[in-house]
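Chain residues, written in single-letter form:
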Amino acid sequence: MKLHHVIESQQFSLPLLEELFETARRMEQVVARGGTKDYSGRIMASLFYEPSTRTRFSFESAMIRLGGRCISTENAREFSSVSKGETLEDSIRVINGYVDVIVMRHNEVGAAKRAAAVSDIPVINAGDGIGQHPTQALLDLYTIRKQLGNIDGLKIAMVGDLAQGRTVRSLTYLLSKFERVKIYFVAPEMLKMKEDILAHLNEHNVWYTEETDLTRVVPEVDVVYQTRIQKERFGDRLQDYEKSRGIYIIDRNILSLMKNKAIVMHPLPRVDEITIEVDSDPRAAYFDQARNGVFIRMALLAMVLG
Amino acid sequence: MKLHHVIESQQFSLPLLEELFETARRMEQVVARGGTKDYSGRIMASLFYEPSTRTRFSFESAMIRLGGRCISTENAREFSSVSKGETLEDSIRVINGYVDVIVMRHNEVGAAKRAAAVSDIPVINAGDGIGQHPTQALLDLYTIRKQLGNIDGLKIAMVGDLAQGRTVRSLTYLLSKFERVKIYFVAPEMLKMKEDILAHLNEHNVWYTEETDLTRVVPEVDVVYQTRIQKERFGDRLQDYEKSRGIYIIDRNILSLMKNKAIVMHPLPRVDEITIEVDSDPRAAYFDQARNGVFIRMALLAMVLG
Amino acid sequence: MKLHHVIESQQFSLPLLEELFETARRMEQVVARGGTKDYSGRIMASLFYEPSTRTRFSFESAMIRLGGRCISTENAREFSSVSKGETLEDSIRVINGYVDVIVMRHNEVGAAKRAAAVSDIPVINAGDGIGQHPTQALLDLYTIRKQLGNIDGLKIAMVGDLAQGRTVRSLTYLLSKFERVKIYFVAPEMLKMKEDILAHLNEHNVWYTEETDLTRVVPEVDVVYQTRIQKERFGDRLQDYEKSRGIYIIDRNILSLMKNKAIVMHPLPRVDEITIEVDSDPRAAYFDQARNGVFIRMALLAMVLG
């Protein structure tokens, strides 16, 4: 199947997801064998208008494991020609002359789509503002599949800042493509999942419920997907931030309520919303997620580079 | 012919330019074939005391297409030992122990020459203050040659901030080596080409004229070389900046006055001095310039690395 | 011998030092032959929470000369998830999923040890606060060995900011492992070597003396190890800084007092504590140190990567 740009999680059909996960599985073997040289003539640009060392490292590791090379900036916003008034479109056209694929993180919603519109080479969205972060959602789904075997029939609790976290938004779009999924949104009133997502679920007949009591939900689900209350998204509403954090903490107590085969996920970084005593529990899957991210990004890069 | 450091455009004789352009042409084929491994043991340092993602990416892409590797900093001024009082000369001597070629962008005029004076390995000037930016001038000349076939007899209009734009200064030096070139400097009074360049042209018997009306010049020339009014070079003379911008805009109207075979060039980034309606005109050559920059820089790197 | 993490200079036994120096000697030949591809499947992360272009470039050059690849950040503190509240331990665990070895510079004493405690892959300390900078001490020792043939019986003057310079601290630990070494600490009262190091020397029966007059010491020693008075470590005690600098300057006069076979060393960057007239003297060894740094770091990387 042909994949060119990677902009949003909605673009992935079930067969395309199947191909992606199959490719990622092969990439696990490639890495175990010490990498490949298959993409040794290819160059990836990490074009980050907003810094994210973690995501950038994950993509660059993926490209290097494929045998490719990277050129990289983490403060394109401050440094590049943007500060001289250049449009994103012009920057993308120029970079088309330098590399074979662009991985872009941007602070504005919709930036990835704008970039793709003028780019002959593939653009991969590594997060645009509070918009989407599709590769995170894809690695989340891949982790669930690896750990639990099947997505159809999955029961998942999404916990924390559902209003502003793009991760849970992208993941929800993906989950809505599967059968008999049940989603439990657990959030304080002011951080509830937004209407557009709920409308999308209604339209696709996906079962969901909104809860505020984590302990009631936890025994039901296969996945507890915890998220960080993102201070940086609150602006000067510091009081709201303080009110929101600390409400839902995954600790030994929550673990004791969980099913034996259930898993705890988190897009990371975490602050204190999962206590470190959870790390050593076999159900803790958040560091596996980070590891799976490299395999998924290798697969995506291989697919768009052809 | 032997090329060691690349410091200023004046250093390029006609035969050296010929060899450079011939090498660049071969590099276009190398890239089309997916690059080479010829320089796989070699390391380039991007030593940028002033950020320029665009120029850095272009050089790094060039080095990687040659099979080489890069180590890179874009804020050498803030980060490196400079802030601890180290001289540029000491930094260069130390970096001589690490790599095979240094590409340097610096904020001070003459910095590239100072670096070259103490460096055993090649130093390539990627712009020093309002001094020179020779690789930009070389790629400009290469673009003109590719698009128009010949430099001798060229008629070119240089438009905009001629006083502070180092690009037009470096390009003028190069053009003065050719026969029967005619240069039309089009600038507002306060941004006129500086006396040292005009004296150089007089000395070499190069025809030039200074104009303020762009529409009178445009029908005459083979190249309209537009430049950005560089806000950052005006310091606190904001009123002067505001007075200067917007005087010369390349738009559909200007295009209609141009010869059919003429081209529009720009060193980029642009702000609004070329309207986007011009982009789709076959005479728009500015994104080709960016692409040609990689070939010219590959050729320069190959020549200095031997 | 098995080497996993590189955290502090004390961890190096005499046989391990011997193996390291032997490996570094081989690396000099590898570089002279144009590098190797032996580590072409391996990735190093430069994880710098405090910028140091020099040290980072040295490590990245070493990794590339070995055939390996690098992913890199120089402001992990400002950019990474640290600013969102992530612990160093979590960051290290995540990066374990991306690369094969971590080179870390951190602003806090003990950070390297904390990182190593949770890391399955090797961690190399590239400086942690005013704690240690073991690879600098190792390259210093390697330089002495190369230039003077033997460490046993060495007489060395350490000059300048001994209280706050981590380089002299790490080097002293290493020297204490050898026989009949004599150390002359030359510092102004407020920058004297700290008690913990003196206690360590007493415990290991290493001869040392504390002096304030450089000219009396210089004729005695084989190595004059000059250091920079580090303004940035004085905080707002600017008066103390001004009082301390300029007391000990290595110039032609000091050179004339030195033995013919003695050498001048400096971890660099220097400001004015060695005058540039010294650079051309054959006893000036400080730029050789920088060069030797690449060989030592190649050897360390090769040993930890196995």
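Rules and cut-offs
Residues numbered from 1 in each chain as written. Chains lettered and ligands numbered in written order. Predicted model: local features only at pLDDT ≥ 70, side-chain atom pairs only at ≥ 80, totals over all residues. Heavy atoms only, no water. Domains from an automatic or database assignment. Contact = heavy atoms within 4.5 Å. Buried area = accessible area lost by both parts, 1.4 Å probe. Salt bridge = Lys/Arg side-chain N within 4 Å of Asp/Glu carboxyl O. Polar contact = N/O pair within 3.5 Å; in protein donor to acceptor, adjacent residues only side chain to side chain. Helix = DSSP H or I, 4+ residues; strand = E, 2+ residues; numbered from the N terminus. Buried < 20%, exposed > 50% of the residue type's maximum accessible area, 1.4 Å probe, protein only. Pairing = 2+ DSSP bridges. Axes fitted to C-alpha atoms, helices over the stretch in contact; angles between N-to-C directions. Least-squares fit on C-alpha atoms with pLDDT ≥ 70 in both. Parallel < 35°, antiparallel > 145°, perpendicular 65-115°, else oblique. Nonpolar A, V, L, I, M, F, W, Y, C, P; charged D, E, K, R; others polar.

Colleague: So what about the domain arrangement of chain A? Which residues, and what values?
Modeller: When the parts of a complex come together, some accessible area is lost, and that lost area is often used as the size of the interface. Residues and elements named next belong to chain A. Partitioning chain A into structural domains gives domain 1 (9-133 + 291-305) and domain 2 (134-290). In this structure, domain 1 and domain 2 have C-alpha centres spaced 25 Å apart. Between domain 1 and domain 2, the residue contacts involve 31 residues of the former and 27 residues of the latter. Across the interface of domain 1 and domain 2, roughly 2700 Å² is buried in total on both sides, 55% from carbon and sulfur atoms. It is F21, H133 and N292 in domain 1 that bury the most area against domain 2; as a group they hold 25% of the surface buried on that side. Counting the contacts that link domain 1 with domain 2 gives two salt bridges. Counting across the interface, domain 1 meets domain 2 through 24 residue pairs in polar contact (both at pLDDT 80 or more). Residue assignment for the side of domain 1 that touches domain 2 shows that the elements contributing at least two residues are helix 1 (14-32), helix 2 (53-65), strand 4 (123-128) and helix 12 (286-305).

Colleague: Talk me through unusual backbone geometry; I want residue IDs and the actual numbers.
Modeller: Between L268(A) and the following residue, P269(A), the backbone shows a cis peptide bond with an omega angle of 0 degrees. Positive phi, close to 55 degrees, is recorded for R180(B), a residue that is not glycine. Within the element layout of this structure, R180(B) appears in the loop between helix 7 (166-175) and strand 6 (182-186). Residue R180(B) is classed as exposed on the basis of its relative accessible area, which comes to 61%.

Colleague: Describe the interface of chain C and chain B, and please don't skip the residues or the numbers.
Modeller: Taken residue by residue, the interface counts 28 residues in chain C and 26 residues in chain B. In total, about 2400 Å² of surface goes out of reach between chain C and chain B, with carbon and sulfur atoms giving 54% of it. Between R54(C) and E86(B) there is a salt bridge; the shortest N-O distance is 2.4 Å. Counting every contact that joins chain C to chain B gives nine residue pairs in polar contact (both at pLDDT 80 or more). Of all the secondary-structure elements, those providing two or more residues to the side of chain C that touches chain B are helix 2 (53-65) and helix 12 (286-305) of chain C.

Colleague: Explain the sheet that holds strand 4 (residues 123-128) of chain C to me, using residue names and the numbers behind them.
Modeller: Residue and element names in this part refer to chain C. Taken in spatial order, the four strands of this open sheet run 2-1-3-4, and their pairing is parallel. Sheet topology places strand 2 (69-73) and strand 4 at the edges, where each strand pairs with a single neighbour. Put simply, the sheet's adjacent strands are angled 15 degrees from each other on average, direction ignored. Pairing between strand 3 (residues 101-106) and strand 4: four bridges, direction parallel. By the bridge assignment, M104 is partnered in strand 4 with N125. Docked against the sheet, helix 2 engages strand 1 (43-48), strand 2, strand 3 and strand 4, running at close to 175 degrees with respect to strand 1.

Colleague: An account of the environment of T55(A) is requested, with residue identities and associated values reported.
Modeller: Residue and element names in this part refer to chain A. One can find T55 in helix 2. Assessed through its relative accessible area of 7%, T55 is described here as buried. The sequence separation of T55 and I151 amounts to 96 residues, and the corresponding C-alpha distance is 25 Å. What T55 contacts, discounting residues up to four positions off in sequence, is F48, R105, A126, H133 and R297. For T55, the side chain forms a polar contact with the side chain of S52, separated by 3.1 Å.

Colleague: Kindly report on the interface of chain A and chain C, identifying the contributing residues and their values.
Modeller: Contact with chain A, which involves 28 residues of that partner, is made by 26 residues of chain C. Interface of chain A and chain C: buried area, both sides summed, is about 2400 Å²; carbon and sulfur atoms make up 55% of it. Where chain A packs against chain C, one counts four salt bridges. For R93(C), the salt bridge goes to D279(A), with nearest N and O atoms at 3.8 Å. The interface formed by chain A and chain C holds nine residue pairs in polar contact (both at pLDDT 80 or more) in total. Breaking the side of chain A that touches chain C down by element, the ones donating at least two residues are helix 2 and helix 12 of chain A. Considering every element that reaches the side of chain A that touches chain C, the biggest residue donor is helix 2 of chain A, with nine residues.

Colleague: Would you mind going over the pattern of salt bridges in detail, with residue names and values included?
Modeller: Counted under the stated rule, the structure contains 69 salt bridges over all chains. Put simply, R252(C) and E277(C) hold a salt bridge, and the shortest N to O gap is 3.1 Å. With a gap of 25 residues between them, R252(C) in helix 11 (residues 252-257) and E277(C) in the loop between strand 9 (263-265) and helix 12 connect regions that are remote in the sequence. On the basis of relative accessibility, which here comes to 32%, the residue E277(C) falls in the partly exposed class. The network of salt bridges with shared partners includes D90(A), R93(A), R270(B) and D279(B).

Colleague: Which residues make up the side chain of Q136(A), and what values go with them?
Modeller: Residues and elements named next belong to chain A. Relative to the elements of secondary structure, Q136 occurs in helix 6 (residues 134-148). For Q136, a relative accessible area of 8% puts it in the buried group. If sequence neighbours within four positions are ignored, Q136 has contacts with T167, Y225, P267, Q289 and R297.

Colleague: Can you explain the relation of the copies chain C and chain B? Please cite residues and give values.
Modeller: Each of the two copies of the chain can be brought onto the other by a rotation about an axis and a shift along it. Between chain C and chain B, which share one sequence, the superposing operator has a rotation angle of 120 degrees and an axial displacement of 0.0 Å; the RMSD is 0.0 Å. Here the symmetry operator amounts to a three-fold rotation axis. When the interface residues of chain C are mapped onto chain B, a mere 4% of them again lie at the interface, so each copy presents a different face.

Colleague: Break down the pairing of strand 8 (residues 223-226) of chain B for me, citing the residues and quoting the values.
Modeller: Residues and elements named next belong to chain B. Neither face of strand 8 is left uncovered, since the one carrying V223 and Y225 and the one carrying V224 and Q226 both have all their residues buried. The pairing of strand 5 (residues 155-159) with strand 8 spans four bridges and is classified as parallel. Across the sheet, I156 pairs through a bridge with V223, a residue of strand 8. Sheet topology places strand 8 next to strand 9 (residues 263-265); three bridges connect them, and they run parallel. When the sheet's bridge partners are listed, V224 is paired in strand 9 with V264.

Colleague: Let's hear about the sheet that holds strand 5 (residues 155-159) of chain C: which residues, and what values?
Modeller: All names here are of chain C. With respect to topology, five strands assemble into an open sheet ordered 7-6-5-8-9, the strand pairing being parallel. Looking along the sheet, the strands with just one partner apiece sit at the ends: strand 7 (207-211) and strand 9. Strand-to-strand twist of the sheet, defined as the mean angle between neighbouring strand axes without regard to direction, takes the value 20 degrees.

Colleague: How would you summarise the environment of G34(A) if you had to cite specific residues and measurements?
Modeller: You can see G34(A) is positioned in the loop between helix 1 and strand 1 (43-48). Taking the C-alpha atoms as reference points, G34(A) and L66(A), 32 residues apart in sequence, are found 9.9 Å from one another.

Colleague: Explain the packing of helix 7 (residues 166-175) of chain C against helix 8 (residues 195-203) of chain C residue by residue, including any values.
Modeller: Residue and element names in this part refer to chain C. One way to put it is that helix 7 packs onto helix 8 with a least axis distance of 10 Å and a crossing angle of 10 degrees. It follows from the interaxial angle that helix 7 and helix 8 lie roughly parallel. Across the interface between the two elements, R169, T172 and Y173 of helix 7 pack against D196, I197, H200 and L201 of helix 8. Grouping the amino acids of the contact of helix 7 with helix 8 by side-chain chemistry returns three nonpolar, two polar and two charged.

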